[in-house]
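The lines below spell out each chain.
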Amino acid sequence: MSTQASTSVAVNEARGRRSTEDVENPKIHFRVCRFIIETGVKLGMRSVPMATACVLYHRFFQSASLQVYEPYLVAMSAIYLAGKVEEQHLRTRDIINVCHRYFHPDSEALELDGKFWELRDSIVQCELLILRQLNFQVSFEHPHRYLLHYLLSVRSLLNRHAWSRTPIAETALAVLKDSYHGSVCVRHKPQHLALTSLYLALQTYGVQLPRGEREWWQVVCAEITKAQIETIMSELLQLYDMEAKCT
Amino acid sequence: MERDLLRQSVSYHGENLLSLLKCEQNENPDFKHVAADLVKTLNQRNGLSNTSEDMHFKDKEDASPVLEQYIARKADLLFAPSWKSSTPADEWQEESGEAYAVMPPLEQFMEVSFEERRELFYRDVERGDMLIGRINSVRDFGLFVTLLCTAGGLERDIEDLEIKALCPIRNVPSTGNHDDPLSYYQIGDLIRAGVKDIDRYHEKLTLSLYSSSLATHLNKIKLGVISKEDLPLHYTRGEMVATDCNETYEKLLDDSLGLSNPLNVDYLLGKLGISGTQTPSLMRGLQSKRFKEEDFGTAIRKKQSVSWALKCVKTGVDHFKSGRHVDAMNEYNKALEIDTNNVEALVARGALYATKGSLMKAIGDFELALESCPTHRNAKKYLCQTLVERGGQLEEEEKLVTAEGLYKRAVVLDDTFREAAEALEKLQIRIQKSLKLKELEAAKEQEKAKTVETSAEKLRKILKEEKRFKKKKRKRSTSSSTSSDTSSTTGDDSPSTSRKKSKKRKHKRRRSSHGSKKHKRRVSSCSDKTLEDDWFPAPANTSASYIDQKQSMTKLLSEGEPDGRGRFEDVPDRSPENCRLVGPDANGEVYGTTGRARDRRDSSSSTQSEYSHQSDRYSKECSSQGRNRCVSERSRDEKMERAERKSRDQQDGRSSVGSLKKDLPSNLVDIFSQIAEFKKDKKQ
């Protein structure tokens, strides 16, 4: 399973053309991840469980093919599983309700009949499938706590008034949340992602931090280079462009 | 749009940004206000960049168009005033490093230069901040402190800056006694002080040890001498890092306990003032205003529960109509479990309760339903009916006022419900009637009051007579027989005393157990004596007076043949002279009569014992007050007079209670006369 998808991409690249899949897949993933995040907000999910759900989804489709598995079903199961993993248990009834309404806006609430229970069964089945696909490794390290600690450290460097008028924390967290639309969240270390979001936020507002022997980001992440930061940053920013294309 | 922020950003990025901004945001009305400002700023910046400046502008090589593009596109979000969430100013607490990882100041890791750190410190320290330092000299005008570290929110590496601050004596609180307050402090002490004043130009700091000098969110922290344990965590960890060059920021963070705390994200989000479930986003589609309330999980669930519950209610109603009440109740309860306070379910259940007869529960359900939906037609209708029915029940139970309340409520609820109004009217008439009746009764009762009292008094007298009879009997028999008497008469007591009030009987009984012993004692001791004497040698602690009295009383009794005596009760005031006359003789009379009472088998031991009790009481009173006449004595005398009379009457026929009552007034007079004779005899 895991080699199938990647070999097809490699083969296509070798042939020098991009199949529609390669072009379409990121868009599909973007849309599904948007669906996950929206559902998460409507269910009152906290940041970390929502991040887990997105990571589960991305990791699943790193090795599985979109042809075989319905991405929205995988997404719903990912939400359900993430709730369990991160101790914010969600009920399948709520997930099904919200998702149904996502696809059929302004519709009536579903009847709790046979069809409903079938949907529920399929979510539970898919959950098991995800677990197996990921070898039951469903516990991930997320950038959130690193980002928050870095924010506190940077805050101490700044004048308190400058901090209170500059929405650095909000922007950094927003950038981090939006990063889950793409697979950048699974291709980089959480510390690097956190650092990049913070870097981006500081750059946005033109905030000047004191300079020492080392830059603050060198201190925070010893091995990271500016180039790496730039790479990640460009990936993050690409996602914003994608929004225009996909939605 | 936040003007200052934009300016800052534009001056950092340069013209590119400005042009992009203009391009992307030209429809944004807020931007237009700021655009002119930005142009000015840029010109300034360009002017400055030619000269040497301290500000670090972005180098041209670093220009990232993507970034600028993004800023330009999202400027309406990034620079919106609402973007920044307001941080709540909580009371500051010393972090234990458990909730999250407390790190040493970044300055230290970054190895920021001496001057820069010093500059930054003086730029950022403010009045009300907290600092920790070591005392390096104590003068008579104050303390000199070398600063060690910052505390209370500000986190800087200042130890090697060797900043000296002064804490003048006026800012040192006195320790209470009249010693010099500075004597409390030694060189080398660690103290925690608040910043009272700053002279940034001269780089002078004035400290204070008064809590009032601290900012409000810090003012719970104690100032003064502290120990090493009180040093803030960021400082102690910084020291550790300084000594160990292998300790990097990363390593320190990864090793700290606070990082592993699963709740640290939520905690820190709270500390920064950002909501955990509503984190901001820069995606257009995820802006919070795009989310509709009814799309949220909880709202949909509620609606679904309601419809599911309604289904259950429908099946329940079907059951109800077919007569399957149990099934119907089950369905209703199921519906209420799915959706608590579901209006339809409550109304249906209430109707079921009402049909089954549990009216109070039905009313409860209807009330609850009307609380959530005050215009529910069925609920009102059923509630009215149930109230009227309940009112009817209460009427039968004579709880008229409550019933009235219910009818009134029914009328208020549904004024078209004629039954309620009719019932209310009927009830009101009835209430009025009953009120009138009560008034009449009350009036009658007042009239009867005296008669009632008198009948009670008569009763008492009868009882006293009975007692006297019993006592007489006891005196005449032997000790053993008296003891058997006491036991037997206790048994006989019940029918004879049936007339008496139960309280009095119990009262006597309680005393009987106590008194009978004494009585037996007395009885045994006088077994030698003749029946005629039939007097017990008094116990040592009794006053002698009544011993004589007893003797005289027996004589009197033999003359007058009084039989039993009723109980002694406190009576209303009598003329003092009569009492005095009776006084010394009274007790004797009592005892004398009891001797004869023994003849009558049906006298109660309790009465006897009450006599003994009463005599004890009497004796106590006498002993306490000496031989003076006391009120109780008087009253008892009065009773005895009456009892005397009663006993005389009782000779004829005990059953004639009525006759006794009639004869009482005459008896009184007789007794008085007899007692007067008695006294004369005694004196003789």
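Residues numbered from 1 in each chain as written. Chains lettered and ligands numbered in written order. Predicted model: local features only at pLDDT ≥ 70, side-chain atom pairs only at ≥ 80, totals over all residues. Heavy atoms only, no water.

With an unreviewed UniProt entry as reference, chain B is termed S1 motif domain-containing protein, source organism Phoxinus phoxinus.

As annotated in an unreviewed UniProt entry, chain A carries the name Cyclin-Q and comes from Phoxinus phoxinus. Of the comments in the UniProt record for chain A, the one headed Sequence similarities (unreviewed entry) reads "Belongs to the cyclin family. Cyclin-like FAM58 subfamily." Regarding chain A, the relevant UniProt record gives this comment under Function (unreviewed entry): "May be an activating cyclin for the cyclin-associated kinase CDK10." (UniProt positions renumbered as here; feature names shortened; annotations may be inferred.)

**Topic: the interface of chain A and chain B**
With 82 residues of chain A at the interface, the matching set in chain B holds 77 residues. Carbon and sulfur atoms supply 56% of the area buried between chain A and chain B, which totals about 7,500 Å² over both sides. For the interface between chain A and chain B, the tally reads eleven salt bridges. Salt-bridge contacts for D295(B) lead to R101(A); the nearest nitrogen and oxygen are separated by 2.5 Å. Joining chain A to chain B, the criterion identifies 40 residue pairs in polar contact (both at pLDDT 80 or more). (Contact = heavy atoms within 4.5 Å. Buried area = accessible area lost by both parts, 1.4 Å probe. Salt bridge = Lys/Arg side-chain N within 4 Å of Asp/Glu carboxyl O. Polar contact = N/O pair within 3.5 Å; in protein donor to acceptor, adjacent residues only side chain to side chain.)

**Looking at the confidence of the model for chain A**
Residue and element names in this part refer to chain A. Chain-level pLDDT for chain A is 88 on average; 92% of the residues reach the 70-or-more range. Across chain A, element-level confidence peaks in helix α4 (residues 71-85) with a mean pLDDT of 95 and bottoms out in helix α1 (residues 2-14) with 50. Counting interchain partners and residues more than four positions distant, the pLDDT-below-50 stretch residues 1-6 has eight contacts. (pLDDT = per-residue confidence, 0-100. Helix = DSSP H or I, 4+ residues; strand = E, 2+ residues; numbered from the N terminus.)

**Things to note about the side chain of S213(B)**
Residue and element names in this part refer to chain B. Summarising the element assignment, S213 is placed in the loop between β5 (204-208) and β6 (224-226). Of note is the side chain of S213, whose polar atom sits 2.7 Å from the backbone oxygen of Y210. Apart from residues lying up to four places away in sequence, S213 is in contact with G128, G194, V195, K196, S208 and L223.

**Overview of the UniProt feature "repeat: TPR" (unreviewed entry) in chain B**
On the UniProt side, "repeat: TPR" (unreviewed entry) is annotated at positions that read residues 343-376 of chain B here. Here residues 343-376 of chain B is 82% helix and 0% strand, with 8 Å between the C-alpha atoms at its ends.

**Focus on the side chain of D178(A)**
Note on placement: D178(A) falls in helix α9 (residues 168-178). K177(A) is the oppositely charged side chain nearest to the buried, salt-bridge-free D178(A), at an N-O distance of 6.3 Å. Here D178(A) is in contact with L239(A), Y240(A), S281(B), L282(B), M283(B) and L286(B), once residues within four sequence places are set aside. (Buried < 20%, exposed > 50% of the residue type's maximum accessible area, 1.4 Å probe, protein only. Lys, Arg positive; Asp, Glu negative; His and termini not counted.)

**Structural notes on the pairing of strand β1 (residues 130-139) of chain B**
All names here are of chain B. Across nine bridges, the pairing between β1 and strand β2 (residues 142-151) is antiparallel. Directly across from I135, in β2, lies its bridge partner V145. From the end of β1 to the start of β2, which pair antiparallel, there are two residues. Sheet topology places β1 next to strand β4 (residues 190-199); five bridges connect them, and they run antiparallel. (Pairing = 2+ DSSP bridges.)

**A look at helix α12 (residues 325-338) of chain B**
Residue pairs three or four apart in sequence face the same way in an α-helix, which turns once every 3.6 residues. Residue and element names in this part refer to chain B. When the terminal C-alpha atoms of α12 are compared, their 20 Å separation across 14 residues agrees well with the 20 Å that a helix rising 1.5 Å per residue should span. Those residues of α12 lying buried are A328, M329, E331, Y332, A335 and L336. The buried residues of α12 all sit within an arc of 160° when viewed along its axis, so they share a single face. Exposed positions of α12 whose direction lies more than 90 degrees from the buried face are V326 and E337. (Expected span 1.5 Å × (residues − 1). Arc of directions from axis to C-beta.)

**Quick notes on the nonpolar core**
Of all hydrophobic cores here, the largest spans 139 residues; its most connected members are Y150(A), W216(A), Y70(B) and L106(B). In terms of residue count, helix α3 (residues 47-63) of chain A provides more of this core than any other element does, ten residues in total. Filtering out sequence-adjacent residues up to four positions away, L106(B) remains in contact with S153(A), V154(A), L157(A), W216(A), V219(A), V220(A) and Y249(B). Counting 39 residues, the second-largest nonpolar core is a separate cluster that includes Y332(B), A345(B), A410(B) and A420(B). (Core = buried A, V, L, I, M, F, W, Y, C linked by side-chain atoms within 4.5 Å.)

**Some points on the pattern of salt bridges**
Within this structure, the stated rule accounts for 30 salt bridges over all chains. Notably, a salt bridge pairs E170(A) with K84(B), separated by 3.9 Å at the nearest N-O pair. Here E170(A), found in helix α9, pairs with K84(B), found in the loop between α4 (65-78) and α5 (106-110), and the two come from separate chains. For the pair E170(A) and K84(B), one class covers both residues: buried. For R73(B), the salt bridge is made with E24(B), and the minimal N-O distance between the two is 3.7 Å. Of the two residues, R73(B) is situated in helix α4 and E24(B) in helix α2 (residues 15-24); the sequence distance between them amounts to 49 residues. One network of salt bridges, with partners in common, ties together R101(A), D106(A), K292(B) and D295(B).

**Here we look at helix α10 (residues 264-272) of chain B**
Taken as a whole, α10(B) has its buried residues at N264(B), V265(B), L268(B), L269(B) and L272(B). End-on, the buried residues of α10(B) take up no more than an arc of 130°, which puts them together on one face. Packing partners of the buried residues in α10(B) comprise α3, α7 (143-157), α8 (160-165) and α9 of chain A together with α9 (257-260) of chain B. With its phi angle positive at about 85°, G273(B) sits one or two positions after the end of α10(B).

**Some remarks on the environment of T166(A)**
Residue and element names in this part refer to chain A. Note that T166 resides in the loop between α8 and α9. Sequence spacing of T166 and Y205 is 39 residues, and the spatial spacing of their C-alpha atoms is 7.4 Å. Only 2.5 Å separates the side chain of T166 from the backbone oxygen of A162, close enough to count as a polar contact.

**Some details on the packing of α2(B) against α4(B)**
Residue and element names in this part refer to chain B. It is at 8 Å that the axes of α2 and α4 come closest, and there the two elements cross at 40°. Relative to α4, α2 is oriented oblique. Where α2 crosses over α4, the two elements pack in a sense that is right-handed. Across the interface between the two elements, N16, L17, L20, L21 and E24 of α2 pack against E68, Q69, I71, A72, R73 and A75 of α4. Residues that form the contact of α2 with α4 fall into these classes: six nonpolar, two polar and three charged. (Axes fitted to C-alpha atoms, helices over the stretch in contact; angles between N-to-C directions. Parallel < 35°, antiparallel > 145°, perpendicular 65-115°, else oblique. Left-handed = near helix turned anticlockwise from the far one by under 90°. Nonpolar A, V, L, I, M, F, W, Y, C, P; charged D, E, K, R; others polar.)

**A word on the packing of α3(A) against α4(A)**
Residues and elements named next belong to chain A. Two elements in contact, α3 and α4, have axes separated by 8 Å at closest approach and are oriented at 135°. Relative to α4, α3 is oriented oblique. Judged by the sense of rotation from one axis to the other, the crossing of α3 with α4 is right-handed. Facing P49, T52, A53, L56, Y57, F60 and F61 of α3, the residues of α4 in contact are P71, V74, A75, A78, I79, L81, A82 and V85. Looking at the contact of α3 with α4 residue by residue, the class counts come to 14 nonpolar, one polar and no charged.

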